[in-house]
Amino acid sequence: MNEGLSSAWAPREPLPESLEVDTKPQDMSAAKGGLVIFTANSHPSSRELGKRIAERLGVELGKVQVYQEANRETRVQIEESVRSKDVFIIQTVSKDVNTTIMELLIMVYACRTSCARNIIGVIPYFPYSKQCKMRKRGSIVSKLLASMMCKAGLTHLITMDLHQKEIQGFFNIPVDNLRASPFLLQYIQEEIPDYRNAVIVAKSPASAKRAQSFAERLRLGIAVIHGEAQDAESDLVDGRHSPPTVKNIGAIHPSLEIPLLIPKEKPPITVVGDVGGRIAIIVDDIIDDVDSFLAAAETLKERGAYKIFVMATHGILSSDAPHLIEESAIDEVVVTNTIPHEIQKLQCPKIKTVDISMILSEAIRRIHNGESMSYLFRNIGMDD
């Protein structure tokens, strides 16, 4: 049986944390000058999320052609009027991320030259979000991408669970960084038996804040795995080892000699917290390279955890990640449909999908009608 995004787990009504939205179809085209929803991605499976959002809003998807020329150039043809309308462009990141970006930029620019009143990008997973810090002699690619989107004509951005919240500062337009945690929390409460016997696990100290937020809302304990390879900056990554740390008395004055730091040593892997005889739920924002998750699962099994779940917002799951998960100690991987992953689900039945089209459609409705967005951020703290 072909289980795609159509089989995604949908949250019940009402949502937790008072995140209740009206899911009845409404005639949005008659409000404030009209609304048009386009899906920029030319891949058929990537348009599923756009269809779900349009159905919730009671509108039809806009008519547009997006395709590749024989020389791999992207061509976009808008097939209906967008003059003085609010245009929402839904773009999910496919495997070919660079083509995805060009499709979005060209469509935004096409709507701008067609005199659209507002052009709002709905990008649930912001590409290149991991490249948001300076690494050695590289560049901050997410800042470059933000500048390109603003230059193309984007007037507003809706995204979800940015890898680093500071990415919002790269834009000179409003950015609404929505959260998927209410949906994941509800999934834990309804789909994991005996979740009261669970413990929320951070696979590294860097993700401890997210784990703490989940634990406090579920009234559960927390555990942190320490000692594995960290995501934080290191001397070899950010360039602090250059120039070479060779003593050259003739190069600088002795009084200006810079003291050398003691090199870091990775401590042995330890688990801070009790996971023996418990259900371990590892939480993170992105799951792509699964090596760190597999190592964390093995460590938790050794410490006595009898079931291991992984909860993440964005399931990129590149390369052979589905096969590695299927053969691992992980019992279930739960991700949202911010990124299409139909093929990965066919390769690994352990992967489950949570539908987040509800909050995206409500955000579109509120922006189009000029309503406050703060309702969608109720009970969400600065560290969430």
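What counts as what
Residues numbered from 1 in each chain as written. Predicted model: local features only at pLDDT ≥ 70, side-chain atom pairs only at ≥ 80, totals over all residues. Heavy atoms only, no water. Buried < 20%, exposed > 50% of the residue type's maximum accessible area, 1.4 Å probe, protein only. Helix = DSSP H or I, 4+ residues; strand = E, 2+ residues; numbered from the N terminus. Pairing = 2+ DSSP bridges. Axes fitted to C-alpha atoms, helices over the stretch in contact; angles between N-to-C directions. Contact = heavy atoms within 4.5 Å. Expected span 1.5 Å × (residues − 1). Parallel < 35°, antiparallel > 145°, perpendicular 65-115°, else oblique. Left-handed = near helix turned anticlockwise from the far one by under 90°. Phe/Tyr/Trp six-rings, centres within 6.5 Å; stacked < 30°, edge-to-face > 60°. Lys NZ or Arg CZ within 6 Å of the ring centre and 35° of its normal. Right-handed = clockwise from strand over helix to strand, strands pointing away.

A. View of unusual backbone geometry. Of note in this structure, K136 is not a glycine but carries a positive phi near 55 degrees. With a relative accessible area of 40%, K136 lands in the partly exposed category. One non-glycine residue, S319, lies in the positive phi region at around 55 degrees. On the secondary structure map, S319 appears in the loop between β12 (307–315) and α8 (321–326).

B. Here's a closer look at the sheet that holds strand β5 (residues 118–123). The sheet built from five strands is open, its strands ordered β1-β4-β5-β6-β7 with parallel pairing. Only two strands of the sheet have a single partner each, and these edge strands are β1 (35–39) and β7 (175–178). Neighbour-to-neighbour, the strand axes of the sheet open up by a mean angle of 15 degrees, direction not taken into account. Alignment of β1 against strand β4 (residues 86–90), held across five bridges, turns out to be parallel. Counterpart to T39 in the pairing with β4 is I90. Packed on one face of the sheet, helix α2 (residues 97–113) meets β1, β4 and β5 and runs near 170 degrees to β4.

C. Representation of helix α7 (residues 291–302). The end-to-end C-alpha distance of α7, which contains 12 residues, comes to 17 Å, matching closely the 16 Å that a straight helix rising 1.5 Å per residue would cover. Within the sequence span of α7, burial applies to F293, L294, A296, A297, T299 and L300. If you follow the buried residues of α7, they end up packed against β8 (198–202), β9 (221–226), β10 (270–272), β11 (279–287), β12 and α8. The positive-phi residue at the C-terminal boundary of α7 is G304, with phi of around 110 degrees.

D. The packing of helix α4 (residues 181–191) against helix α5 (residues 208–218), seen in detail. For the pair α4 and α5, interaxial distance at closest approach is 11 Å and the crossing angle is 55 degrees. Put simply, α4 runs oblique to α5. As α4 packs across α5, the resulting crossing turns out to be right-handed. Residue-level contacts link S181, L184, L185, I188 and Q189 of α4 to R210, F214, R217 and L218 of α5.

E. Highlighting the sheet that holds β12. Taken in spatial order, the seven strands line up as β10-β9-β8-β11-β12-β13-β14 in an open sheet, and their pairing is mixed. Each having just a single partner strand, β10 and β14 (351–354) make up the two edges of the open sheet. Averaged over all pairs of adjacent strands, the angle between strand axes in this sheet comes to 25 degrees, irrespective of strand direction. Bridge count between strand β13 (residues 332–336) and β14: four bridges; the pairing is parallel. Paired with V335 across the strands is T353, a residue of β14. Of the strands in this sheet, β8, β9, β11 and β12 touch α5, which is tilted by about 160 degrees from β8. Of the strands in this sheet, β8, β9, β10, β11 and β12 touch α7, which is tilted by about 170 degrees from β11.

F. Seen up close, the packing of aromatic side chains. Scanning the model with the defined rule gives two aromatic pairs in all. Note on W9 and Y187: the rings are 5.1 Å apart at their centroids and 85 degrees apart in plane angle, and the pair reads as edge-to-face. Of this pair, W9 sits in the segment before β1 while Y187 sits in helix α4; the two residues are 178 residues apart in sequence, bridging distant segments of the chain. In this structure, W9 and Y187 share a single accessibility class: buried. The interplanar angle of 70 degrees and the centroid separation of 5.6 Å between the aromatic rings of F126 and F171 together place this pair among those described as edge-to-face. Placement of the pair is F126 in the loop between β5 and α3 (141–152) and F171 in the loop between β6 (156–160) and β7, with a sequence separation of 45 residues. By the burial criterion, F126 is buried, and F171 matches it. The lysine or arginine in question, K203, covers the ring of F293, its NZ or CZ lying 4.9 Å from the ring centre.

G. Region of the structure containing helix α1 (residues 48–57). Within the span of α1, buried status applies to L49, G50, R52, I53, A54 and L57. Among the structural elements, β1, β4 and α10 (357–369) are those in contact with the buried residues of α1.

H. Representation of the pairing of β9 in the model. Here four bridges tie β8 to β9, and the two strands are oriented parallel to one another. In the sheet register, I200 faces β9, and the bridge partner there is I222. Handedness of the crossover is the feature at issue here: the chain leaves β8, passes through α5, returns alongside β9, and the resulting connection is right-handed. For β9 and β10, the ladder comprises three bridges, and the chain directions are antiparallel. Bridging across to β10, V224 finds its partner in V272.

I. Local environment of the pairing of β1. For β1, the tally of buried residues reaches five of five residues, placing the bulk of the element in the interior. Going residue by residue along β1, you find L35, I37 and T39 tucked away on one face and V36 and F38 tucked away on the opposite face as well.

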